[in-house]
Each structure stands twice: as structure tokens, then as C-alpha cells.
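Coordinates in review
Chain residues, written in single-letter form:
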Amino acid sequence: MAALVVPADWIRNWEKSGKNEFLQLCRNLAESKPSDDVTLRESSAATLERKQEHDDIQAALYELAWQVIKGNLKLDQAASVLNDVMEFREDMSSILADVFCILDIETGCLEEKNKREHFTQLVGACLVLVPDTVLKERLDPETLESLGLIKQAQQFNQKIVKIKTKLFYKQQKFNLLREENEGYAKLITELGQDLSGNITSRLVLENIKSLIGCFNLDPNRVLDIILEVYECRSDQDEFFVPLIKSYMCEAQTLCHILGFKFKFYQEPNGETPSSLYHVAAALLQHNLIELEDLYVHLLPMDPSILEEHKREITEAKQIARKLTMVVVPSEKTEEKDKEKEKEEEKNEKPPDNQKLGLLEALLKIGDWQHAQSIMDQMPSFYAASHKSIAVALCQLLHITIEPLYRRAGVPKGAKGALNRPLKSKQAPKPAEAFEDLRKEVFTMLCYLGPHLSHDPVLFAKIVRLGKGFMKEYQNDKQEDKDRMDTLLSCFLSITDQVLLPSLTLMDCNACMSEELWGLFKMFPYQHRYRLYGQWKNETYNSHPLLVKVKAQTVDRAKYIMKRLTKENVKPSGRQIGKLSHSNPTILFDYMLSQIQWYDNLITPVVDSLKYLTSLNYDVLAYCIIEALANPEKEKMKHDDTTISAWLQSLASLCGSVFRKYPIELAGLLQYVTNQLKAGKSFDLLILKEVVQKMAGIEIADEMTQEQLEAMTGGEQLKAEGGYFGQIRNTKKSSQRLKDALLDHELALPLCLLMAQQRNGVVFLEGGEKHLKLVGKLYDQCHDTLVQFGGFLASNLSTEDYIKRVPSVDILCNQFHTPHDAAFFLSRPMYAHQILSKYDELKKTEKGNRQQQKVHKYIAACDLVMAPVHDSVVSLHPPKVWDDISPQFYATFWSLTMYDLAVPHNAYDREVNKLKVQMKAIDENPEMPPNKKKKEKERCTALQDKLQEEEKKQLEHVQRVLQRLKLEKDNWLLAKSTKNETITKFLQLCIFPRCIFSAIDAVYCARFVELVHQQRTPNFCTLLCYDRVFSDIIYTVASCTENEARRYGRFLCCMLDTVTRWHSDRAIYEKECGNYPGFLTILRATGFDGGNKADQLDYENFRHVVHKWHYKLTKASVHCLETGEYTHIRNILIVLTKILLCYPKVLNLGQALERRVHKICLEEKEKRPDLYALAMGYSGQLKSRKPYMVPENEFHHKELPVRNTGPTTVQNGPGSAGKPASTTSTGKPEEGASEENEKSKEKSQSAVKAASKTNNTTPKVTTSNGNGATNSTKLIKEKEDKDKSGKEKNKEKKEKTPAATPEAKVPGKEKQKEERTGKEEKTRETKEKTPKSEKEKFKKDEKASKDDKAKASGGESKSSAEKEREKEPSKERDVAKEAKTKESSKGEKAAVAGSLKSPVPRSESSESEREQKRRKLDTHSSPSHSSTVKDNLNELKDSATKHYTNHSTATLSKSKEREVDKKDMEKSRDRSREREKKERKRDHSNSDREVAQELKRRKDENGTSSSKHSKSESPSNSPQPNEKEKSKSSKSSSKEKSDSAKPEKGSSGGKKESRHDKEKAEKKEKRESTGAKEDKKHHKSSDKHR
């Protein structure tokens, strides 16, 4: 712009035109002034313009001066121009001075001195134009000095300072009191006067002003004194606040004065007085100062507060870590001392926090807004963690909630102290309604957090307000729903953030816990559990104090749990109770973790929980569910075959805790339901335990017969005699369980989910799981369903049940419930409906006759069941209903054992028990009379109830049977065949139900019998039983463990019926003889009347029963030999269950015993559970041996009249496999095919060696010593016919001394031996005259009867001893077998000897012998291991061979007898010597020692004598140990089998003499052992008869 103002050519042509141009410019700039009549807006514009022009003149003068300084314009020229310019404006001198001022600064900075000189000269030339004073104001002192305007710059500067001091800093008013003590004294008096009269702040202010003016008092000092006096009289807010407000409107000044006051107390040990905090708070509340202005004056600084908070958290965590660490006791004490010292230090000198002091003061006067601002500056809960702050905030809350609490919170009868509201208008407004709480109360509570614990009274008030709100919320109508929901969420938040953490910090306050439960119980369990979850997992980490408390609680819990035992439950329980009032989540979490490890803690823990509050019980329920749902824990053990122990422990705890204490069950039941929905059935274990403990309904497949009987009675009988446990006092707990199920609508969903999950276990859940585990889960699911269904049926009222359970077709078709489960759930409903309908009909017609009652009952059944008959049609394809009617199907599935039979024995048993109890009560002198009376009354009432129940059931059963009698003709339509009808009956009715429960198993068997007894048309009883017993392999293999038990029970009941019919001809004739179910010729359907010839007679029925036993054996052996875990386990379970009724036949029992023994040996190391089952069964089987009979006693086997060939031979003695005689009558369909098969086998094996006869002859002695009795006698009779009298005399002489050393009753033994000898003689004479086979058989029978009559006494040796005796002989004879086999090759005449041998064999020796025999046998026979059929075919064949070889056996009798006499004496002497040595030998001798002994004997006796010893050693040692016995039996059987083999096709002539010696040895051996065993069996048979 300067260039524009003074162009360069003006300077160049200054003299010519430049000067005039410049002057003209200046004139123009100076003259353009705004006119006076412009508007304000124009005026302002003009002012701007003028300013611009002023700047332009300055710029022009500045340019001109610069030209002079640069030397472009002469000084005088410039001076003359400036002189002319001065006239243009009045303020031109000032403008010029400004220009000089700028140039002074600029030239002072330049290095060129000439320019500075030019400037000085210019200013000097212009001194006349600008006054000195103006220049002295504007120019530097140095410039002024160079111009000569001042003498010295330094002096000039000093003078300025003095003037300024005088002007600005010289005091004109008195600041210090001593400077004007009178004025200040009057001021203090004025402020300190009594303010109670009419003195107002305005009057006092006027007086203060007068004092300031009169005494020249400093106003700031006066303000300071006013604040001091206010501080001393802090209760006079109404006076001082208006005074300060009207005295001083400058907020900053007031803030500075306060700040200086606070700063005074910020010394290391300074303590700020509370009065100063109050003054500051009051001024803040009335907005006389700003918080931001005052806050900066306060200490400590915010960063240091944050650091302190972090340090506290770190310390708390360290403490927590130390408490969880294991520390040596000495270190512990040192650490505790250090901690105490630290705490003492902290308590001694708490740092003076002015911010907190101000905050407290603000809260006390009710200034929540400013208090909130201060708290926001600090970490959360930092301020409230100081007790004074927390208490002040609590007090403010008391005042704020007072009106609402009075209206909605105060309990009836309570008064409570009144809280007066604050006078200040700025204080929070008291809450009148719940809506008002949202404004400030909830916010205050959130800032307070866990520190509400400082004021339990306020805690209780808040809780009560919550209860009041919940009542309103529950009664609220829909209009206000949103507002109420918002308030509910606020209350839940307050509970989560304030109430529960505060409870944690309260020291074991049980009352607060109960008060809080009053609120909590109004929340649904979902809300409660969520709150508990937050409390347990989140809250404890939010504050350092809570971190410490958590660690201390865990530490204390460990201390208590270490010392908890059954003995100290009470004191420990009290400690647990105290700890749980404040910190239940932490305590229970630790306790549950211990219980999961140590299940023996469950009982003491449950007993110790008696001191808990209701809230704690609810928290316990949550903690249990959380522990169950822990995703980190595996619910299976590592072997994947069993449920984890921790889950079992928790389930057991659940049952005990929920039964004993009043805990809400809804959460737990919902958890189980949700798990089932998710397809997980592990947690059914919990439901099972809860129902068992709370309702007393056990899952017991292992019921005793008495219990099972009781379970078929009424409810009272079930409760008294149906369960293992004592199930009294379950009324309340079962009611609670029922209420929980009904209130939350969980009863039916749980049933349906369990029913669906059963198959889900197998097909969905069990994919990769071990089969054993899948079976367990299936059983658990099924058992829980049965148990739960039973609970619902017995506890729900009829209306409840009918309302909740839909009809069968809906259950099956819509909910996809399996049919068995659907009927199980519907069955109680039908029973209820029929009874209610029956009662209705009885009321309508008042007829008392029994017949009328029955008709009404039947009518009621028809009315109720007709819709069911229609609905079941949809469950199966139409073809099914061709054979069985829907009515029959529905009847079968809807009835129970209660309907079919009255358990009179069970009722009598329980009544007798009660009588015994009453007698015991009478005889008890210690019992007080009142109690006696009470107990007797209880027993009498119970007795009456039972008798009434029995009577009621009896009437009911009679009605049901009458109904069935009328229905039966329409049951089985049999439009296809009777066989097909039976198939459908078994498939759709019997099999699904018999494995449903133990009672159902019994029911199925009883129902079959009932259908038979009712003479139901088209029902073939024989066929039904045949199908049940014939092919059990598949059904057994497909069962789970528990199903196998139930199936076994079913088979046992079926066998029991069959055994009863089999036992007595009279019973058979009465119960089966004339019944259509026992027709053997199946004619066209509808034709059930048959002549007597078509009925199965008694003997043939016995054959059929034998066939069934054989079939069971065959199936059992097959299952045992598969090696499959499930097959073996299940068949062992089934066999154990049917042990009372099977095996009854000795040889079948022995066949089983061998296989089971084999399982014991094989599975001992591999599968211990199978080993345990097998051992258990084996022991029980041995104990049943005395009750087994030989086959010929089990069913009458007719011998052929003439020997027409092997094909016509009937069942021989000991033929294990022969099921029935070949008579055409009494063969159900399978019988005929069996016969053909057998006749083929017989014809093929006609020439086989007679060795197999002994295989299957009934085994006499087994390990238990008193084996089945009579089988030996029969065989012995046949064998002894061939013996001469002399042999028998010798035998008698030699046997007696041999037997005496260990026999317990020697006299009796001798008598027996004499009797035996006589019998043998008589038999021998009879034998000499040849008779037909039939006569022989009759004699045998007669002889066996004689034997039975003569036999007396008992077996002296225990079974264990005999087992031991058998073992060594077994080992010893192994070495001898090879020689025997060589010597016996080609022997033919030895057959007779081998046939006659009744040598006893153990199971193990038998199986080994068979294997070896088969190896050596030249005849091709099926391998031992291939199939069970092959095994048992051998048993069948043996009978045929026995008779085939009988003729050849008799040829060589005379020769044998001569040789026998000579050799017998020699062999007896040797055997006696050996006996003495053998008795000394222990049964634990190793094989090596046995081998040495054999070698020694061989050397002693030579080859022939060694043969003798082989055959005779077992006979002559009357009580050898187990190994010896088994070996001898093995060896003897081998000799027999080998000697018999070459006999095929021989004439019995040439080679006889070669083997006479050996025959003699064998005979001696047989005679000695046979006679000895005979004695034993006479004894045992007599004993059992």
C-alpha cells in the first residue's frame, strides 16, 4: 500500500511535482470525514473507513520517513513537507509520533548505523512538530537520550518505576488487623452478634460498608473475615450465604480466597476442618462459586487418587494369592505380623483427602449434583469405599426415600424412626412413588455399590421397597406394563450391583439374608439364578475389598471342610451357616468341588446345612445346577464305559439336599428337561435320585420276591413292603416335588422326553460311545421313566393326571412315544376313569348284589375302554388285527398285577410285622406311656388300612376276572394260524412288556397263565411256552443289563408255572389236562374241543419240559461261548434269575457249569465284571446241585422192547440233548423236526465207541461234594451186574480201611459198605439169567429204590476240600495219559469195563477230556468250538451209544472176572502205599514235583503196575486233594474213551486176552471209586429226601 501512497517517481521528481502530489494525497486522506447526519449503521461504517484512512496517512508518512532514512530524500525536504502536513489534521502530531515509534524499533534492529543516524536526524528536525511529552511516551529511553530530550536513560527508567509503584501499588486501605484494629474489631462484632432477632443480612451489609469506608478496611480482607466467621457459625447458612452473595459478586475472587484457605491445611500433617468443607459446600450449592474453579485448589491430584486405587487392587489380589498358596506355618505367622503392621500404619495416618471431605460435606447438605460430579472424577466406588462418604450418602438416601417407604415399605406393626427432610431447596426431592426412585435414588445406590453394607437399616428399607414394588407389579394390569417393566429391570440391577455385594460385606447377618429372600422369592427362578451367577462370577472381581473377602471365605471354607466329619456336624454346621449368610456362592462352590472328589462327605455336608437361610438354600440349588452344567467337566470316565463319579456324587447330593431342606426344585427340573431336549441323558441320574429320595420310589431291579409281591398290592402295601429303604416321612417332600412339576408344567414334558430319549440314547447319543455305556444310559433313562411315571401315578390327583396325559394314539402318533411307555403313562388314567365311572353307576342304581356290581363294573370298563379300543387300531398295521383283537391288545396293556391277583402272603407278612412291633412296644419298659400309646395307635391304624386294602383288592380282582371271562371269546381271532396269533401276541404284547419293569415281567407270565386258565379260544398254551423257551438267544442278546434282569424274572415265572405242572400229575391233570391250550393237534381255528387223545398227556408233557430245559441249555452255552460281552453278561444275569427253576436236570447243569467255569478262567484278567458275574452264578449253581435230578427222574424214558437197532432207541440215561420221546402226541411243531434230526444222528453214530457214554452219564460228584444223588445208582446198578461176588467181598475189605482215616462217622460207613456189597450180590445173581431190556430196566428201578431206602447219613467232607483233592490227581494223570492211549489202541473187550465206570468228574476235567478224546477219535466229529449244537449233539449221541455197545460189553464178562481176582490184590497193596504219600502232599505242589513223582512210581512198579496205578490211584485214595481228584477223573475218562474207540466193528474175540490185564485194572478202579462215591450219594440222597 505504501508503494501506492508514495510512488518512486514522486521521490525522483520531488521538487518538480512529487512534493505537491504528496501534499495533495495527504490533504485528500485528511479531509474525507464522515457527515454528522448518518445513521448508526452508516456511522459504524464511516468509523471503519476513517480508521482505514488513518492507517493510509500513517503509511504515507511512514514511506516518506523511510525514503529519508534510506537517503533517497533530503532531510530538509522531508521536514518542510511534514511541516505543511501538520496543518491538515489536529492529531497529526500523534500520528507522526506513532510512525517514529515504529521506525525507532525497526532501525534499532538494523545493523547499518547510517540509517539509524538518518532516523535520529529526522526526529531531531521534527521536534518542533511533535511535543516532547508525546515523544517521551512513545520512544525508547536510549533514543530520547540521543535526541537530548532526557539526560540519562537509566535515571529515566528508575523514575518510571517509582511513579508506577506510587500509582498502582501504594496501599490506601488497611489489610492487616493490627493496622486498623478498631475497624476490624467492630467488623467481627457485627458478624458475631446474635442473629435470632430481626437482624438480616442486608442490615449487616450496610454496617459493613460503613466500617470499610470509615476505617479504610480492605474489602478482600473483610470478605476473608466474613468466611472465617461463617466457618465458626456454619449452622447459620440462611444468614451468611445471602450476605456473601450480596457482598461479592466476583466468583473468582471468592474461589481464590477459599483456595488459599484449603492450601493452608495442605501441610504433611495438616487436617482440614469440617467447617471449611461445609462453607465450601454451601457456597457450591448456592452457585456462588464453580466446582471446576475450586477443585483445582484441592489435594490430592486425580492421578495420585487413581494410582492409590490401582495399588489397593494389586494388594487385594496379592492377599488373595497368598491365601490360596500353601505356606509353611512359620512363614504364615511372619506374614500375618507384617500385614498387621501395615494395617496399623494405614489406620494411624490416613491421608487427608480434601476432595473427599468436600464430597462428604456436599452429601450432608444434600447437594447431590455437585457430589455426583466429584465422584465421577474418581474411580468407581473409590469415594464410597470411605466409610464417612458411604454413611453420608446412606443418610441422604434415608431422607430421599422416607415418604415412599412410609407408604409402601413399612411392615405391619413396625414404626421406625422418622427421617426429617433437608431444609435446602437444592436437595433431592423426596420420592413419593416408585417412579420417583428412577430420578436420583437408583443413581445414588449405584454410586454406593457394595458399601450399602455400612447401613443395614437402609439395606432393609430398599429390600422392603422392592417387595412393595413386586406386589404392585404382580397385581398390575397391562396398561402400565412398559413403565413397570422398566422399574423391574431397575430393581434387578440394584439387586445385582448393590444389595448382593453389600450382603457379601456384611458380617454374617442372617436377618438381612432372610429379608432379601422375601424380595427374591417374588422373582421367577430365572431372574434369581441370573443374579446369583453375576454375584458368583462377576461381582467379586469389581472391588478390591470384595477380592479380599472372596479369598478369606475360601480360606475359611477350606478350614471348615478339612475338619468336617459325622461326629462334629453340629459345630461345623454352625460355622458353615455363619459363613454362608454373607458369601454363600463362594462357600458352596468350594463345598461342591470337595463333594465331587470325596463322595463320603455327602452325608455330613447335608446334615451340616441345617443352619442355612432360605436365600442360601436357593443359592445352593443354583450352585449345584452350575456345577452340573460345567462344560469343562466330562460326564464319562476316561474308559468311556461308566458315568463319572463327580456326576454321581452331585446327583446323590441333590436327592439328599432337596429332600431334607425346602429348596425350590423348578430350576433343577428345568435343567434336566433342557438337557433331555438337547438329547443328553446323563443328567437323568439327578432326576432319578431326586424322585427316589423325595418320593421314596426306588428303582430296584434287584427286588426280593417278597418286595415284588408287595408291589402288586395297593399303595399302602407298596409303601410298607415294596422298597429297600425306609420311605416314611416323604409326604411333604413328595408334595413339594409334585407342586414344582405342576406349577412349571414339567410333568408330561419330562415323561415324553424320557420316553423319546430311550431310543435316542441308542441311535443319536450313543454313536461313538462304548456299548456298555450306551446300555447303562438306556437303562438309566428307562428306569427313571418308570420311576417318574410311578411317582406321577401315585401322587397326582385323578383330575390332574387325566388333564395332563393325552390319549394313547396321540402319545404314540403325535409325540412319537414308544407303545410300552405310552401305555405305561396311560394305565393309571384308565384305572382312575374306570373306578370313577363304576362309582357313578353304583350311585345311580342302588343294588347291592355282587352280580349287579360286576355288571356295573363291566359296563364302566366298556364305557372307558371303548374309545381306547378304537384308538389302538391306528398303532399297528391292519393285518395285526386279523389275529388279535384291539380289545385283547388294550386289555393286556391296560391291566396290572394289582388287577390279576391279590398278594395275600404279602399282606399277612406286613400285618404280622405290625403285630410284632406292637408286642415289642408293649414290652419296652423305657418308652414313655404317651409314646407307647401313639405308636400303638399308628400300628393299629396301619394294620386296619392294610386289611381294608386287601379286602378292596380282592373284590376288585374278582370283578376283573369276571370281566376277562366275558371278554375272552373275542380276544384271539386267529384268522391266519394259531402260530401266527402266538407270534403277534409275543411280539406286540409279551416281549415289549416283560422287559419294561420287574412287576411287568411277573404280570406277563401271570397273564399267559390266566389266558390259559380262562380256556381262551385259539390260544395254544403249549405253543406259547414253547416259543418263549425255544429261542432265547436273540432276545437275550438284544437286552440291556437291566432288561436282562427283567427278562430273566419273566422266564423264571414262566418256568415256575411249568415246573409246578411238571412236578405232579394231579396238578397237571387239574390245571392243564382238559384245557384247549394243551391240544397237540392244531385243527382249524375255532375248533378247540378235542378228544382226550388230542390232549398232551402228563408223561409227554414231561418230555416237552425236558426239551425246553435242553433248549435253554443250548442257548445259554451258545451265548457263553460267543465271547461277546453283551451275550455273556446277559445270559449270566438271566441264568441267575432263573436259578430256582433251571437247571433241574443234572447233566444239563453240569454242561452249564463247565462253560461257566471256562468263563471264570478266561475273563478273570480281561473283563472283571464278567468274571464277578460268572463266579457269582457258579457259586449259586453249585449250591443248587443237590436239587438237580438225573434225566430219567425228570422225565420217564421208555427203553425199547426189543433191540431193533439204534434208530429206535429212546432217550438214554444222561443223554443231555434228547428233548422228548418220539411219540407223535405232544410234539409242538418244533418237536417233529428235532426228532428227525436226532434219529439221523443216532443212525450215524450207531457204531461209535462207547467212551461217549461216560461223557454224558450224570456226573456224580462235583466240587461241592453232595451233587445230584440218584444218577449214579442207576448206572452203578447196570455196571455192577457184571461183577462177581468175590470181587465185591474183596472190595468191601479193602474199601473200609481206606475210607476210615478221614471219614467222620466210621461205623455208618462200614454198615453202608456191607449193604452195598449185599445189593451187588443180589444184582449179580439177577444178572446171570438173561432177560429182555424191559425187565432189566424194571430191576434197575427197583434196585435204585432199595439204594434210596438204605442210604443214610451226610457227606463228611466240604466242597472246598473235594475241589482241592481233585486238582493234583488231574495234573498227575496228564503225564500217564500218553502211555495209556498207546496201550489201549486196538482193545475191544475193554468196552464192558468202560461202560460200567461211574467215575465222578469235575467240570474242568470233563471239558478237557472231551477235547482230547475228540483229537484222538478216528471218527470224524464236529469241532468243540464251532457251535453249541455240535457240543450238545455229543450229549445226545451218548445215550444211543450206551445201548449200542451194551451187547458187545456182555460177551467178555466171564474172562474179565477171572483176571480181575488175580490182579486186584496186587494193585490194592500198591495203591495203599501211594495213598499215604499222597495225603502228605499239599494241593499247591507244582507240576514239576508231580512229574518227578510219576517218574518215581514208574520206576517202582514197572509198566504193568504203572497201568494199575493209573486206573486205581483215584479209587484207593478216599480223600485226595482237588488237583489229584480232577486229574484222576480226567485220566480215567481218557482211558475209557481211548479203549472204547477201537471196538468199532470188532467181534470181540481175538484181542480180548491181550487186554485182560488192563481191563482188570480199570474194573478195580471203577469198583473202588464207584462204591465210595455210592456211599456219598446214598447219604446225600437220603438227606435231601
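Residues numbered from 1 in each chain as written. Predicted model: local features only at pLDDT ≥ 70, side-chain atom pairs only at ≥ 80, totals over all residues. Heavy atoms only, no water.

Right, let's get into the overall build of the chain. Each helix and strand counted, the chain has 75 helices and zero strands in total. Per-residue burial over the chain gives 55% buried out of 1585 residues. Long-range pairs, those at least 24 residues apart, make up 80% of the contacts in the chain between residues at least 6 apart in sequence. Total accessible area on the chain stands at roughly 71700 Å², and carbon and sulfur atoms take up 52% of it. (Helix = DSSP H or I, 4+ residues; strand = E, 2+ residues; numbered from the N terminus. Buried < 20%, exposed > 50% of the residue type's maximum accessible area, 1.4 Å probe, protein only. Contact = heavy atoms within 4.5 Å. Areas by Shrake-Rupley, 256 points an atom, 1.4 Å probe, with all protein chains shown as cover.)

Taken together, Ile163, Leu167, Phe168 and Tyr169 make up a surface patch of nonpolar side chains, about 530 Å² in accessible area. Relative to the assigned elements, Ile163 resides in helix H10 (residues 153-169). (Patch = residues over 30% accessible without salt bridge, like charges linked within 9 Å, V, L, I, M, F, W, Y side chains within 5 Å. Salt bridge = Lys/Arg side-chain N within 4 Å of Asp/Glu carboxyl O.)

Let's shift gears to unusual backbone geometry. Here Leu299 and Pro300 are connected by a cis peptide whose omega angle stands at -5°. For the bond from Tyr1142 to Pro1143, the omega torsion is 0°, close enough to zero to count as cis. On the secondary structure map, Pro1143 appears in the loop between helix H57 (1125-1137) and helix H58 (1146-1166). Phi angles above zero are rare outside glycine, and Arg1015 is one such case at about 55°. Structurally, the position occupied by Arg1015 is in the loop between helix H51 (998-1013) and helix H52 (1021-1030). On the accessibility criterion, Arg1015 (38% relative accessible area) is partly exposed.

Counted according to the given criterion, the structure contains 50 aromatic pairs. Ring plane angle 20° and centroid distance 5.0 Å describe the contact between Phe469 and Phe491, whose orientation is recorded as stacked. Of this pair, Phe469 sits in helix H25 (residues 456-475) while Phe491 is found in helix H26 (residues 481-505), placing the two residues 22 residues apart along the sequence. When its relative accessible area of 0% is taken as the criterion, Phe469 is described as buried. A residue is classified by how much of its surface remains accessible, and Phe491, at 4% relative accessible area, is buried. (Phe/Tyr/Trp six-rings, centres within 6.5 Å; stacked < 30°, edge-to-face > 60°.)

Relative orientation of the contacting elements helix H39 (residues 731-743) and helix H41 (residues 771-795) amounts to 100°, with a least axis distance of 11 Å. Regarding the angle of H39 to H41, the classification is roughly perpendicular. The residues of H41 that touch H39, namely those facing Ser734, Leu737, Lys738 and Leu741, are Phe788, Phe791, Leu792 and Asn795. The residue inventory of the contact of H39 with H41, partitioned by class, reads five nonpolar, two polar and one charged. (Axes fitted to C-alpha atoms, helices over the stretch in contact; angles between N-to-C directions. Parallel < 35°, antiparallel > 145°, perpendicular 65-115°, else oblique. Nonpolar A, V, L, I, M, F, W, Y, C, P; charged D, E, K, R; others polar.)

Here the focus is the nonpolar core. One finds Leu358, Leu609 and Phe1050 to be the most contacted residues of the largest nonpolar core, which totals 312 residues. The dominant element in this core, judged by the number of residues it contributes, is helix H33 (residues 614-628), at 11 residues. Sequence-distant contacts of Phe1050, defined by excluding residues within four places in its chain, comprise Ile990, Cys994, Ala1001, Cys1004, Ala1005 and Val1028. Counting 47 residues, the second largest nonpolar core, distinct from the first, contains Ile11, Val68, Val123 and Leu147. (Core = buried A, V, L, I, M, F, W, Y, C linked by side-chain atoms within 4.5 Å.)

Let us now look at the confidence of the model for the chain. In this model, the chain carries an average pLDDT of 74, and 70% of its residues clear a pLDDT of 70 or more. Confidence over residues 1199-1339 falls short of pLDDT 50; this stretch has 362 contacts with residues more than four positions distant or in other chains. (pLDDT = per-residue confidence, 0-100.)

Side chains that carry opposite charge are capable of pairing whenever their charged atoms lie near each other. As enumerated under the stated definition, the model contains 50 salt bridges in all. Ionic pairing is found between Arg406 and Glu402, a salt bridge with its closest N-O pair at 2.7 Å. Of the two residues, Arg406 and Glu402 are both situated in helix H22 (residues 387-408); the distance of four residues between them amounts to about one turn of the helix. Of the charged contacts, one joins Arg1102 and Glu1099 as a salt bridge, the two residues approaching to 3.6 Å between their closest N and O atoms. Placement of both Arg1102 and Glu1099 in helix H56 (residues 1098-1122) is noted, with a separation of three residues, approximately one turn of the helix. Arg1102 sits in the buried class, given a relative accessible area of 12%. One salt-bridge network, in which partners are shared between bridges, spans Arg221, Asp224, Glu228 and Lys261.

So, about the packing of H56 against H57. Each pair of packed helices can be summarised by the angle the axes make with each other and by the distance between the axes. Direction vectors running N to C along H56 and H57 enclose 145°, while the axes themselves pass 7 Å from each other. Handedness of the H56/H57 crossing: left-handed. Contacts between H56 and H57 involve Ser1116, Cys1119, Leu1120 and Thr1122 from the former and His1127, Ile1128, Ile1131, Leu1132 and Leu1135 from the latter. For the contact of H56 with H57, the residue count by class is six nonpolar, three polar and no charged. (Left-handed = near helix turned anticlockwise from the far one by under 90°.)

Let's shift gears to the environment of Ala1044. Inspection of the secondary structure puts Ala1044 in helix H54 (residues 1041-1063). In this structure Ala1044 comes out as buried when scored by relative accessible area, which is 0%. Between the C-alpha atoms of Ala1044 and Lys1137, which are 93 residues apart in sequence, the distance is 9.2 Å.

Here we take up a positive patch on the surface. Residues Arg556, Lys562, Arg563 and Lys578 make up a contiguous surface patch of positive charge. Inspection of the secondary structure assignment puts Arg556 in helix H29 (residues 544-563). (Lys, Arg positive; Asp, Glu negative; His and termini not counted. Charge placed at Lys NZ, Arg CZ, Asp CG, Glu CD.)

Counted at 1.5 Å a residue, the expected span for helix H59 (residues 1168-1184) with its 17 residues is 24 Å, and the 24 Å between its end C-alpha atoms agrees. Along H59, the positions that sit buried rather than exposed are Leu1170, Ala1174, Tyr1177, Ser1178, Leu1181 and Arg1184. All buried residues of H59 project into a common sector of 120° when viewed along the axis, lining one side. Residues of H59 that are buried make contact with H57 and H58. (Expected span 1.5 Å × (residues − 1). Arc of directions from axis to C-beta.)

With that out of the way, let us pick up the environment of Gln953. Following the sequence through the fold, Gln953 ends up in helix H49 (residues 929-967). Sequence separation between Gln953 and Gly713 is 240 residues; the distance between their C-alpha atoms is 7.5 Å. Setting aside its immediate chain neighbours within four residues, Gln953 contacts Thr712, Gly713, Gly714, Tyr898, Ala901, Val902, Pro903 and Tyr907. In terms of polar contacts, Gln953 uses its side chain to reach the backbone carbonyl oxygen of Ala901, at 3.1 Å. (Polar contact = N/O pair within 3.5 Å; in protein donor to acceptor, adjacent residues only side chain to side chain.)

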